[in-house]
Amino acid sequence: MRSHAWRWIPNALTFVRILLIAPFARALLVQEYRLALFIFAVASVTDGLDGFLARHFNWRSRFGAVADPLADKALLITAYLVLTYTSVLPLWLFALIVGRDLLIVGGALVYHYGIGRFEMEPSIPGKLNTLVQIVVILGIIVILAGLPVQPIWLDIGICLVAVSTVFSGGHYIVVWGKRAWRARHP
């Protein structure tokens, strides 16, 4: 059987990750943190595996290019939303994270309709921010699950997420602001 017959696997893994969001949210909400940790680990493995397969075998698709980062973002936003709702995380942190994302999406729409078509590519600070958010959520769930981690990491994690969110949001504003300026003033 040829390799292209398996091209659907990365998209199926992304779909599995989307399906895991509801049980993950429920586990966090009812404070079943070890189950939440397991679901988060499975989601992380599917994310790594679908990315590897898409790159290694060139099983990329337009659907995957859109759905994969949306699945990642939905899982992270769900984690931060539920942990904010259950008072584990402060409301201001959730507002900062969502505000940054809305700023980026709003800026992209303004650029698209006001300047012209573009391909949105994640920046290094944006990727770093996502990594920090993932590691911090993982650390928080590990703490909540009662595994041996120092609780000080919760406060450090909140600070790291806040700093990386502000920095990456500012980076997107500067980079896309310059592109818009150059496009309008050649």
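What you see is a predicted model, and the numbers here were worked out from it, not measured in a lab. (Residues numbered from 1 in each chain as written. Predicted model: local features only at pLDDT ≥ 70, side-chain atom pairs only at ≥ 80, totals over all residues. Heavy atoms only, no water.)

**Some words on the packing of helix H4 (residues 91-114) against helix H6 (residues 152-184)**
Packing of H4 against H6 brings their axes to within 10 Å, and their N-to-C directions diverge by 10°. Viewed along their axes, H4 and H6 adopt a mutual orientation that is roughly parallel. For the contact of H4 with H6, the per-class residue count stands at 16 nonpolar, four polar and three charged. (Axes fitted to C-alpha atoms, helices over the stretch in contact; angles between N-to-C directions. Helix = DSSP H or I, 4+ residues; strand = E, 2+ residues; numbered from the N terminus. Parallel < 35°, antiparallel > 145°, perpendicular 65-115°, else oblique. Nonpolar A, V, L, I, M, F, W, Y, C, P; charged D, E, K, R; others polar.)

**Brief notes about the nonpolar core**
If you look at the biggest cluster of nonpolar residues, it comprises 33 residues, and the most contacted ones within it are Phe-24, Leu-28, Tyr-80, Leu-89, Leu-93 and Ile-137. Only helix H1 (9-29), helix H2 (33-56), helix H3 (62-85), H4, helix H5 (124-144) and H6 provide two or more residues apiece to this core. Excluding residues within four positions of it along the chain, Leu-89 makes contact with Tyr-80, Leu-83, Thr-84, Ile-140, Leu-154 and Ile-158. Core analysis: the next-biggest nonpolar cluster, separate from the first, contains seven residues, Ile-104, Ala-108, Trp-176 and Ala-180 among them. (Core = buried A, V, L, I, M, F, W, Y, C linked by side-chain atoms within 4.5 Å. Buried < 20%, exposed > 50% of the residue type's maximum accessible area, 1.4 Å probe, protein only. Contact = heavy atoms within 4.5 Å.)

**Some details on the packing of H3 against H4**
The geometry of a pair of packed helices is captured by two quantities: the angle between their axes and the separation between those axes. Orientation of H3 relative to H4, taken along the N-to-C sense of each, is 155°, at an axis distance of 9 Å. Accordingly, the angle class assigned to the pair H3 and H4 is roughly antiparallel. Judged by the sense of rotation from one axis to the other, the crossing of H3 with H4 is left-handed. The residues of H4 that touch H3, namely those facing Lys-73, Ile-77, Tyr-80, Leu-81 and Thr-84, are Leu-91, Leu-93, Phe-94, Ile-97, Val-98, Arg-100 and Asp-101. (Left-handed = near helix turned anticlockwise from the far one by under 90°.)

**Describing H1**
Between its first and last C-alpha atoms H1 spans 31 Å; for 21 residues at 1.5 Å apiece the expected length is 30 Å, and the two agree. Along H1, the largest kink reaches about 30° and is centred on Ile-21; proline Pro-23 follows within four residues of it. When H1 is considered as a whole, its buried residues turn out to be Pro-10, Leu-13, Thr-14, Arg-17, Leu-20, Ile-21, Phe-24, Ala-25, Ala-27 and Leu-28. Buried-residue contacts for H1 involve H2, H3 and H5. Just beyond H1, the residue with positive phi is Gln-31, at close to 60°. (Expected span 1.5 Å × (residues − 1). Bend = angle between axes of the 7 residues up to and from the residue.)

**Considering the side chain of Asp-50**
Summarising the element assignment, Asp-50 is placed in helix H2. For Asp-50, a relative accessible area of 4% translates into the label buried. Here Thr-14 takes part through its side chain, which lies 3.1 Å from a polar atom of the side chain of Asp-50. There is a polar contact of 2.8 Å between the side chain of Asp-50 and the side chain of Arg-17. Among all residues touching Asp-50, those that are not within four sequence positions of it are Pro-10, Leu-13, Thr-14, Arg-17 and Asp-68. (Polar contact = N/O pair within 3.5 Å; in protein donor to acceptor, adjacent residues only side chain to side chain.)

**Considerations on the layout of surface pockets**
The volume enclosed by the largest pocket comes to roughly 1,800 Å³. Contributing to the lining of the largest pocket are 42 residues, with Ala-65, Val-66, Pro-69, Leu-70 and Pro-122 lying nearest its centre. Elements with a contribution of two residues or more to the lining of the largest pocket: H1, H2, H3, H4 and H5. Here the element with the most residues in the lining of the largest pocket is H3; it accounts for 11 residues. By residue class, the composition of the lining of the largest pocket is 19 nonpolar, nine polar and 14 charged. (1 Å grid on protein atoms, 1.4 Å probe; cavity = no way out; pocket = protein on both sides within 12 Å on 5 of 7 lines; lining within 4 Å. Points joined across faces, edges and corners; volume = space filled by probe spheres on them.)

**Details of unusual backbone geometry**
One non-glycine residue, Gln-31, adopts positive backbone phi at about 60°. A relative accessible area of 52% means that Gln-31 is categorised as exposed. In this structure, Ser-87 is a non-glycine residue whose phi angle is positive, near 65°. Relative to the helices and strands, Ser-87 resides in the loop between H3 and H4.

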